[in-house]
Amino acid sequence: MSDQPSNDNNDFAAQSEGERTGLVGEFVDFLKDNKKWWLAPIIVSILGLGVLVMLGGTAAAPFIYTLF
């Protein structure tokens, strides 16, 4: 074994000093790297339905119900 750190440790250190990305940025990077763009409409639909369900229990409910 040598006293020199391996390239993996150097890469890790370089990445740790880089700029942090948020959850959305990580998700977009995942879609780019793995070429899974078909997941984007599914996630957007699920999030949209979740927002509608959450708003259904608030004072905005009568306005949402008129859309349907």
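Computed from a predicted model, the values in this text were never measured in an experiment.

### Here we look at the overall build of the chain
Within the chain one finds four helices and zero strands. Along its sequence from the N terminus, the chain presents helices and strands in the succession α-α-α-α. A burial count over the chain gives 6% of its 68 residues as buried. Taken as a whole, the chain presents about 6,300 Å² of accessible surface, with 64% of it coming from carbon and sulfur.

### Remarks on a nonpolar patch on the surface
Among the surface-exposed residues, Leu49, Leu52, Leu67 and Phe68 lie close enough to one another that they form a single nonpolar patch of about 490 Å² accessible area. Along the chain, Leu52 turns up in helix α3 (residues 39-56).

### Let's talk about the confidence of the model for the chain
A residue-level look at the chain finds 87% of positions with pLDDT of 70 or above and a mean pLDDT of 81. Mean pLDDT across the secondary structure elements of the chain bottoms out at helix α1 (residues 7-16), with 74, and peaks at α3, with 89.

### Some thoughts on helix α2 (residues 23-34)
For α2, with 12 residues, the first-to-last C-alpha span of 16 Å sits near the 16 Å given by 1.5 Å per residue. Two residues or fewer past α2, Lys35 is found with a positive phi of approximately 55°.

### A short note on the environment of Ser45
You can see Ser45 is positioned in helix α3. Polar side-chain contacts of Ser45 include one of 2.6 Å to the backbone oxygen of Pro41.

Conventions adopted
- Residues numbered from 1 in each chain as written.
- Predicted model: local features only at pLDDT ≥ 70, side-chain atom pairs only at ≥ 80, totals over all residues.
- Heavy atoms only, no water.
- Helix = DSSP H or I, 4+ residues; strand = E, 2+ residues; numbered from the N terminus.
- Buried < 20%, exposed > 50% of the residue type's maximum accessible area, 1.4 Å probe, protein only.
- Areas by Shrake-Rupley, 256 points an atom, 1.4 Å probe, with all protein chains shown as cover.
- Patch = residues over 30% accessible without salt bridge, like charges linked within 9 Å, V, L, I, M, F, W, Y side chains within 5 Å.
- Salt bridge = Lys/Arg side-chain N within 4 Å of Asp/Glu carboxyl O.
- pLDDT = per-residue confidence, 0-100.
- Expected span 1.5 Å × (residues − 1).
- Polar contact = N/O pair within 3.5 Å; in protein donor to acceptor, adjacent residues only side chain to side chain.

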